[in-house]
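# Secondary and tertiary structure notes
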Amino acid sequence: MSLKVNNNPFITCAVTGSGASQDRSPHVPRSPKQIAESCIDAAKAGAAVVHCHVRDPKTGTPSRDLALYRELTERVRDSTQDVVLNLTAGMGGDLVFGHPEAPFPLCAAGTDLVGATERLEHIRQCLPEICTLDCGTMNFAEADYVMANTPGMLRAMAKIITDLGVRPELEVFDSGHLWLAKQLVAEGCIAEPVMIQLCMGIPWGAPDDLNTFMAMVNNTPDSWTFSAFSIGRNQLPFSAATILAGGNIRVGLEDNLWLAKGQLATNAQLVEKAATIAINMGAQLMTAAQVREKMQLVKRAPLANI
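This section reports on the structure supplied with the text. Given the structure is predicted, the values throughout are model-derived calculations rather than measurements.

### Quick look at the layout of surface pockets
A water-sized probe rolled over the atoms picks out the places where empty space is left. Of the pockets and cavities examined, the largest pocket occupies roughly 1200 Å³. What lines the largest pocket is a set of 40 residues, and nearest its centre among them are Ser 18, Gly 19, Phe 140, Glu 142 and Glu 254. When contributions to the lining of the largest pocket are tallied by element, the ones reaching two or more residues are strand S6 (93-96), strand S8 (130-134) and strand S10 (145-147). The volume enclosed by the second largest pocket comes to roughly 240 Å³. Taken together, 16 residues form the lining of the second largest pocket, with Asp 222, Trp 224, Phe 226, Ala 245 and Gly 246 sitting closest to its centre.

Below, the structure written as structure tokens:
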């Protein structure tokens, strides 16, 4: 197999995520102000794209509060630091079943299942350049939790996102998700240029061994732009692996809290480390403006008077 080195990659920083990491590191941002500041610091360190969730400012738990998304968007857009904004659309598809002998009714704590329009209301109001679209239903490490994304739901969400003029980033956690992503593109639900994220090493999706990773890469159409990441200690090694495979980099506290053993990281430090890896491999990092041009992204202000 020959290398397909990407000498002009971009870095995405996944700033905070929706996992229960808020009490495991003081660097995980909670409030819109903290998240925006972390986005700006990551951009200064070399990230062209920032991928954002929001959290309850007091508890740090993940949230779908529209006001928090609007404040975050406005703070990032008001900054003098240029960066492409990528908001999650993954929330609102959470199912937590009861005991295996009595799965119904669903557990109220943790279940958050709403319709396509409600799942994307923050995208409609904030109008980021990019939003994520998780391309399938998946079990995670939690015993009874399922991330639910049916083909019908994904088709409905893809239409809303496209009609808003936002570019979906297709989140691919396993080979079947990649298969479905191709189908959505073939049906015209997703317009060119297509961008995807290969999400490796997340239980119980695709493991992050190199054979599985390259199988995913080799099944990604050549015309698509892909990024990839792994979680935990393999996050930074995957920065190098992704460049060698022809892709783009994702790092950040959503996926990994550590810079080195015993050393908690900031988002900016993770981006700086990934940038150093890329530059030492001979790459030149793309800017936010270059990513907008390549992916045909539109930077707009949030909708007014809502």
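### Some words on the side chain of Thr 132
Among the secondary structure elements, Thr 132 is positioned in strand S8. On the accessibility criterion, Thr 132 (2% relative accessible area) is buried. At 3.0 Å, the side chain of Thr 132 and the backbone nitrogen of Ala 89 are in polar contact. Setting aside its immediate chain neighbours within four residues, Thr 132 contacts His 51, Asn 86, Leu 87, Thr 88, Ala 89, Gly 90, Glu 169 and Glu 171.

### A short note on the sheet that holds S10
On the basis of which strands lie adjacent, the open sheet formed by 4 strands has the order S7-S6-S10-S9 and antiparallel pairing. Edge positions in the sheet fall to strand S7 (112-113) and strand S9 (138-139), since each of these pairs with one other strand and no more. Where S6 lies against S7, 2 bridges are found, and the strand directions are antiparallel. Residue pairing for S7: Asp 94 is matched across the bridge by Asp 112.

### Let's talk about the pairing of strand S2 (residues 49-52)
Of the two faces of S2, both are covered, the one formed by Val 49 and His 51 as well as the one formed by Val 50 and Cys 52. Sheet analysis places strand S1 (residues 11-14) next to S2, joined by 3 bridges and oriented parallel. In the strand pairing of S2, Thr 12 is matched with Val 49. In this fold, the crossover linking S1 to S2 by way of helix H1 (residues 32-45) has right-handed handedness. Two strands pair when backbone bridges link them, and S2 and strand S5 (residues 84-87) are joined in this way by 4 bridges, in the parallel orientation. From the neighbouring strand, Val 49 faces S5, where its bridge partner is Val 84.

### What to know about the pairing of strand S14 (residues 248-251)
Side chains Asn 248 and Arg 250 of S14 all project onto a buried face; the interleaved residues Ile 249 and Val 251 project onto the opposite face, where all are buried too. Of the strand pairs in this sheet, S1 and S14 are connected by 3 bridges, and their pairing is parallel. Bridging from a neighbouring strand, Ile 11 pairs with Ile 249 of S14. Relative to S14, strand S13 (residues 225-229) runs parallel, the two sharing 2 bridges. Directly across from Ala 228, in S14, lies its bridge partner Ile 249.

### A word on the packing of helix H8 (residues 235-245) against helix H9 (residues 267-280)
Look at H8 against H9: their axes get within 10 Å of each other, and the N-to-C directions meet at 35°. The way H8 lies across H9 gives a crossing that is right-handed. Contacts between H8 and H9 involve Gln 235, Leu 236, Ser 239, Ala 240 and Ile 243 on the former and, on the latter, Leu 270, Lys 273, Ala 274, Ile 277 and Ala 278. Taken together, the residues of the contact of H8 with H9 sort by class into 7 nonpolar, 2 polar and 1 charged.

### Notes on the pattern of salt bridges
For the structure shown, the criterion picks out 17 salt bridges. Across the pair Arg 64 and Glu 118 runs a salt bridge, and its minimum N-O distance is 3.6 Å. In this pair, Arg 64 sits in the loop between strand S4 (62-63) and helix H2 (66-78) while Glu 118 sits in helix H3 (residues 116-119), placing the two residues 54 residues apart along the sequence. Residue Arg 64 is classed as partly exposed on the basis of its relative accessible area, which comes to 26%. We note a salt bridge from Arg 292 to Glu 129, for which the minimum N-O separation is 3.0 Å. One end of the pair, Arg 292, is in helix H10 (residues 288-295); the other, Glu 129, is in the loop between helix H4 (121-126) and S8, and 163 residues separate them in sequence. Judged by its relative accessible area of 12%, Arg 292 is buried. For Glu 129, a relative accessible area of 1% gives the class buried. Via salt bridges that share partners, Arg 77, Asp 82, Glu 129, Arg 292 and Lys 299 belong to a single interconnected network.

### Side note on the sheet that holds S5
Strand order in the closed barrel made by the 8 strands is S1-S2-S5-S8-S11-S12-S13-S14, with parallel pairing throughout. If you compare each strand with its neighbour and ignore which way they point, the axes differ by 25° on average. Bridging between strand S11 (residues 167-172) and strand S12 (residues 195-199) involves 4 bridges; their strand directions are parallel. Across the sheet, the residue bridging to Glu 171 is Gln 197, located in S12.

What counts and what doesn't
Residues numbered from 1 in each chain as written. Predicted model: local features only at pLDDT ≥ 70, side-chain atom pairs only at ≥ 80, totals over all residues. Heavy atoms only, no water. 1 Å grid on protein atoms, 1.4 Å probe; cavity = no way out; pocket = protein on both sides within 12 Å on 5 of 7 lines; lining within 4 Å. Points joined across faces, edges and corners; volume = space filled by probe spheres on them. Helix = DSSP H or I, 4+ residues; strand = E, 2+ residues; numbered from the N terminus. Buried < 20%, exposed > 50% of the residue type's maximum accessible area, 1.4 Å probe, protein only. Polar contact = N/O pair within 3.5 Å; in protein donor to acceptor, adjacent residues only side chain to side chain. Contact = heavy atoms within 4.5 Å. Pairing = 2+ DSSP bridges. Right-handed = clockwise from strand over helix to strand, strands pointing away. Axes fitted to C-alpha atoms, helices over the stretch in contact; angles between N-to-C directions. Left-handed = near helix turned anticlockwise from the far one by under 90°. Nonpolar A, V, L, I, M, F, W, Y, C, P; charged D, E, K, R; others polar. Salt bridge = Lys/Arg side-chain N within 4 Å of Asp/Glu carboxyl O.

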